[in-house]
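Chain by chain, the residues:
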Amino acid sequence: MYFIKKLYRALKVPATRIDPEDRTVDPSTILREELKFAKFIVRQQQHLSAAIKKGFVTHLKLKGVWDEMGLSETNVDIAFTPPTNYYEMRENQKLELKAANFNTLAGNEFISVTYAQKKYLGWKDRDILANREFLRKDAEMQWELAQIQAAGPMWKEQLAAAADAGGEGGEGGDIGGGAAGGGGDGGIPEFGGGPAGGDAAAGDDAGAEPAAEAEADTSADQAE
C-alpha cells in the first residue's frame with residue numbers, strides 16, 4: 001500500500017482518490033488538487049496526441065498515401081477528450097472569483113453597476129442590454145402574477161369591462177350636465193346651440209336698428 005500511494009502521488013492523483021475515507025485532507029484543497037490533476041492529464045494527452053500524429057504521418061508516407069492524396073500537416077489532427085469536469089470546475093472557480101469581486105465593488109456607491117459588469121464580469125454591451133431586457137420581462141411577469149393573485153385568472157377581462165363602464169359613465173354625465181344647464185324643461189339640448197344663439201343675437205341687433213332710425217326721425221320733425 002505504501003508503494004501504491006507513492007505511485008499515485010507521483011502521478012499527481014488527488015489524495016481523496018487514493019483514500020476516500022481519509023479525514024486528514026483539507027476540504028478546501030480538494031478542488032485545487034482536482035484542477036492540478038486535470039491539467040496534468042491534459043498535458044499528457046497533448047504529448048500522446050503529438051506522438052501518435054507523428055507515427056501516423058510516417059505510416060502514410062511509407063504507404064505512399066501522403067504524396068498520392070497531397071496531404072499536409074494541417075490535414076491531420078488528433079485530439080483526446082479532456083476530463084469531463086475539468087472545464088466545468090475551472091469555469092466555476094473563475095465565476096466565483098468574478099462574482100465576489102463584482103459584489104464587493106458594485107456595493108460601492110462611487111462605482112457604477114454597469115461599469116462593474118463590463119470591467120469585472122467581462123460582459124459586452126450586448127450582454128448588458130440583454131440583461132436589462134430580461135430584468136424588464138421579469139418585472140412584467142411579477143406584475144402580472146400580482147394581478148392574477150389579486151383579481152384571478154380573468155383579470156384582463158375584468159379590467160377591460162371596468163374601462164368600458166367608466167367610459168360610458170363619463171359620456172352620460174356630460175349629456176346630463178348640458179341638459180340641466182341648457183333649458184328648464186330638462187330635455188336633451190339641441191346640438192349646435194352656439195351658432196343658433198349667434199343668429200338670434202344678430203336678429204335682435206337687426207331689429208334694434210329700425211327702432212333707432214324711427215326715434216331719430218321723430219326728433220327731427222319736432223325740431224322743425
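On the surface, a cluster of positive charge is made up of Lys 12, Arg 32, Lys 36, Lys 39, Arg 43 and Arg 90. Among the elements that make up the positive patch, the one with the highest residue count is helix α3 (residues 30–63) (four residues). Within the element layout of this structure, Lys 36 appears in helix α3. Looking at Lys 36, the relative accessible area reads 53%, which means it is exposed.

The next point concerns helix α7 (residues 125–151). One turn of the α-helix equals 3.6 residues, which is why residues spaced by three or four share an orientation. Here α7 spans 39 Å end to end across 27 residues, near enough to the 39 Å set by a 1.5 Å rise per residue. A positive backbone phi angle near 95° is found at Gly 152, which sits one or two residues after α7.

The tally for this structure, following the rule as stated, stands at four salt bridges. Between Glu 133 and Arg 136 there is a salt bridge whose closest N-O contact spans 2.3 Å. Here Arg 136 and Glu 133 lie together in helix α7, a separation of three residues that amounts to about one turn. Judged by relative accessible area, which is 32%, Glu 133 ranks as partly exposed. Across the salt bridge formed by Arg 136 and Glu 140, the nearest N and O atoms sit 2.4 Å from each other. Here Arg 136 and its partner Glu 140 are both found in helix α7, four residues apart, which amounts to about one turn of the helix. A relative accessible area of 43% places Glu 140 in the partly exposed class. A single salt-bridge network, built from bridges that share partners, covers Glu 133, Arg 136 and Glu 140.

On the surface, Met 1, Ile 4, Leu 7, Tyr 8 and Leu 11 cluster together into a nonpolar patch covering about 480 Å² of accessible area. Along the chain, Leu 11 falls in the loop between α1 (2–10) and α2 (15–18). Here Leu 11 falls in the partly exposed class, since its relative accessible area comes to 38%.

The subject of this paragraph is the packing of aromatic side chains. Using the criterion set out here, one finds one aromatic pair in the structure. Between Trp 143 and Trp 155, the ring centres sit 5.5 Å apart and the planes meet at 85°, which makes this aromatic pair edge-to-face. Taken together, the positions of Trp 143 in helix α7 and Trp 155 in helix α8 (residues 155–182) put the pair twelve residues apart, joining distant regions of the chain. Lys 61 extends its terminal NZ or CZ atom over the ring of Trp 66, reaching a point 5.5 Å from the ring centre.

Right, let's talk about the confidence of the model for the protein for a bit. Chain-level pLDDT for the protein is 74 on average; 68% of the residues reach the 70-or-more range. Element-level pLDDT for the protein is lowest in helix α9 (residues 193–223), with a mean of 46, against a maximum mean of 91 in α7. Note that pLDDT drops below 50 for residues 172–212; the model gives that stretch five contacts with residues more than four away or on any other chain.

With that out of the way, let us pick up the packing of helix α6 (residues 113–120) against α7. One can describe the packing of α6 onto α7 by two numbers: an axis separation of 10 Å at closest approach and a directional angle of 130°. Relative to α7, the element α6 is oriented oblique. Of the two elements, α6 crosses α7, and the hand of that crossing is right-handed. In this structure, α6 uses Thr 114, Gln 117 and Lys 118 to contact α7, whose residues at the interface are Asp 125, Ile 128, Asn 131 and Arg 132. Split by residue class, the contact of α6 with α7 holds one nonpolar, three polar and three charged.

Turning our attention to the packing of helix α5 (residues 86–106) against α6. At their nearest, the axes of α5 and α6 sit 10 Å apart, and the two run at 155° to each other. Relative to α6, the element α5 is oriented roughly antiparallel. For the pair α5 and α6, the crossing hand works out as right-handed. Facing α5, whose interface residues are Lys 98, Phe 102, Leu 105 and Ala 106, α6 presents Val 113, Ala 116, Gln 117 and Tyr 120. Residue composition of the contact of α5 with α6, grouped by class: six nonpolar, one polar and one charged.

Calculation rules
Residues numbered from 1 in each chain as written. Predicted model: local features only at pLDDT ≥ 70, side-chain atom pairs only at ≥ 80, totals over all residues. Heavy atoms only, no water. Patch = residues over 30% accessible without salt bridge, like charges linked within 9 Å, V, L, I, M, F, W, Y side chains within 5 Å. Areas by Shrake-Rupley, 256 points an atom, 1.4 Å probe, with all protein chains shown as cover. Salt bridge = Lys/Arg side-chain N within 4 Å of Asp/Glu carboxyl O. Lys, Arg positive; Asp, Glu negative; His and termini not counted. Charge placed at Lys NZ, Arg CZ, Asp CG, Glu CD. Helix = DSSP H or I, 4+ residues; strand = E, 2+ residues; numbered from the N terminus. Buried < 20%, exposed > 50% of the residue type's maximum accessible area, 1.4 Å probe, protein only. Expected span 1.5 Å × (residues − 1). Phe/Tyr/Trp six-rings, centres within 6.5 Å; stacked < 30°, edge-to-face > 60°. Lys NZ or Arg CZ within 6 Å of the ring centre and 35° of its normal. pLDDT = per-residue confidence, 0-100. Contact = heavy atoms within 4.5 Å. Axes fitted to C-alpha atoms, helices over the stretch in contact; angles between N-to-C directions. Parallel < 35°, antiparallel > 145°, perpendicular 65-115°, else oblique. Left-handed = near helix turned anticlockwise from the far one by under 90°. Nonpolar A, V, L, I, M, F, W, Y, C, P; charged D, E, K, R; others polar.

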